[in-house]
Amino acid sequence: MRVIKVESKMILTVKGMTCGGCVGSVTRAIQRKAPDATVKIDLPSGRVDVSGLLAPDAARAAIEAAGYEVVSVA
Ligand SMILES: [Cu+2]
């Protein structure tokens, strides 16, 4: 079976990131699921911009598995 993946863009609001280490953890968690994903994180606001071959639900699950709280996904 051929799975067609579609590039999507999403903005998540994440609670609990406090430093550059957190930014790295969240970035790696997403890129583990989608190695080519682009991840931009604004630490003060907790805004995480993702574009890549993964669904918003998968991005949320990856961030939560890394130990952070996802407040919203858009
Ligand atoms: Cu940190």
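Residues numbered from 1 in each chain as written. Predicted model: local features only at pLDDT ≥ 70, side-chain atom pairs only at ≥ 80, totals over all residues.

## Things to note about the environment of Arg60
Then comes step 1: Positionally, Arg60 belongs in helix H2 (residues 56–65).
Then comes step 2: Separated by 14 residues in sequence, Arg60 and Ala74 place their C-alpha atoms 11 Å apart. (Helix = DSSP H or I, 4+ residues; strand = E, 2+ residues; numbered from the N terminus.)

## Brief notes about the sheet that holds strand S1 (residues 8–15)
Then comes step 1: Ordered by their spatial adjacency, four strands build an open sheet running S2-S3-S1-S4, and the pairing between neighbours is antiparallel. Since the sheet does not close on itself, it has two edges, and those belong to strand S2 (38–42) and strand S4 (69–73), each with one partner. Between one strand axis and the next, the sheet turns through 25° on average, direction left out of account.
Then comes step 2: Relative to S4, S1 runs antiparallel, the two sharing four bridges. Directly across from Val14, in S4, lies its bridge partner Val70.
Then comes step 3: In this fold helix H1 (residues 20–33) packs onto S1, S2 and strand S3 (47–52), with an angle of close to 155° to the strand it touches most, S2.
Then comes step 4: The strands touched by H2 within the sheet are S1, S3 and S4, with S1 carrying the most contacts at an inclination of about 30°. (Pairing = 2+ DSSP bridges. Axes fitted to C-alpha atoms, helices over the stretch in contact; angles between N-to-C directions. Contact = placed C-beta atoms within 7 Å.)

## Examining the pairing of S1
Then comes step 1: Alignment of S1 against S3, held across six bridges, turns out to be antiparallel. Residue pairing in the sheet places Ile11 in a bridge with Asp49 of S3.

## Some details on the nonpolar core
Then comes step 1: The biggest cluster of nonpolar side chains holds 15 residues, and the ones touching the most others in it are Leu12, Val14, Val26, Ala59 and Ile63.
Then comes step 2: Mapped by element, the contributors of at least two residues to this core are S1, H1, S3 and H2.
Then comes step 3: No other element matches the three residues that H2 contributes to this core.
Then comes step 4: Aside from chain neighbours lying at most four places away, what touches Leu12 is Val48, Val50, Ala59, Arg60, Ile63, Val70, Ser72 and Val73. (Core = buried A, V, L, I, M, F, W, Y, C linked by C-beta atoms within 7 Å. Buried ≥ 20, exposed ≤ 12 C-beta atoms within 10 Å, placed from the backbone.)

## A look at H2
Then comes step 1: Of all the residues in H2, the buried ones are Ala59, Ala62 and Ile63. Axial view of H2: buried residues confined to an arc of 95°, hence all on one face. Residues of H2 that are exposed and angled more than 90 degrees away from the buried face: Asp57 and Ala65.
Then comes step 2: Structurally, H2 contributes buried residues whose contacts are with S1, H1, S3 and S4. (Arc of directions from axis to C-beta.)

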